Amino acid sequence: ATEAVAHTLRLGASRAAELEADRAAAEAYGSQALISALTKICTQAETHADLRRSALGSSMAHAMISNGPVGQAAFSGGDSVLTGLLGRAQQLTSTHPSLEVRVEALRVLNEPGSANPTLVGGSSAQ
């Protein structure tokens, strides 16, 4: 049980680091450029899903740029409690925030009057 909690915390730290990297890239290149790039990457991930199914690809998930097509709201189509629980479980076990969470966090950076918000607290959009 302790190992599972530690692993969940490690995955959470990985998602937070991804959001911080997005913030730094947005400051350097602009939010819109990063949103465009992330969207293109996630779209291309759908055509290369076989990489994630291999043992090597699965072991390197932490080094990939996105969660791939499975990470892109796979359980968002229904309204049932089970669908919501499965979606939340998927978020907790992913190495990257979903595209939707990342884009929303980047859009917040563009809002007038935003006081350079930190994206680590972006979990409210999840």
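Preceding this paragraph is the structure being described.
Residues numbered from 1 in each chain as written. Predicted model: local features only at pLDDT ≥ 70, side-chain atom pairs only at ≥ 80, totals over all residues. Heavy atoms only, no water.

Student: For the side chain of Ser31, give the residues involved together with the corresponding values.
Tutor: Residue placement: Ser31 occurs in helix H2 (residues 31-45). For Ser31, a relative accessible area of 7% translates into the label buried. Side-chain polar atoms of Ser31 contact the side chain of Asn110, separated by 3.4 Å. Contacts of Ser31, omitting those with residues within four sequence positions, involve Ala26, Leu106, Leu109 and Asn110. (Helix = DSSP H or I, 4+ residues; strand = E, 2+ residues; numbered from the N terminus. Buried < 20%, exposed > 50% of the residue type's maximum accessible area, 1.4 Å probe, protein only. Polar contact = N/O pair within 3.5 Å; in protein donor to acceptor, adjacent residues only side chain to side chain. Contact = heavy atoms within 4.5 Å.)

Student: Would you mind going over the pattern of salt bridges in detail, with residue names and values included?
Tutor: If you walk through the whole model with that rule in mind, you get four salt bridges. With a closest N to O distance of 2.7 Å, Asp22 and Arg102 form a salt bridge. Of this pair, Asp22 sits in helix H1 (residues 2-29) while Arg102 sits in helix H6 (residues 99-110), and the two are 80 residues apart along the sequence. The exposure classification of Asp22 matches that of Arg102, with both residues buried. A salt bridge links Arg23 to Glu27, with the nearest nitrogen and oxygen atoms 2.7 Å apart. One end of the pair, Arg23, and the other, Glu27, are both in helix H1, four residues apart, so they sit about a helical turn from each other. For Arg23, a relative accessible area of 18% puts it in the buried group. (Salt bridge = Lys/Arg side-chain N within 4 Å of Asp/Glu carboxyl O.)

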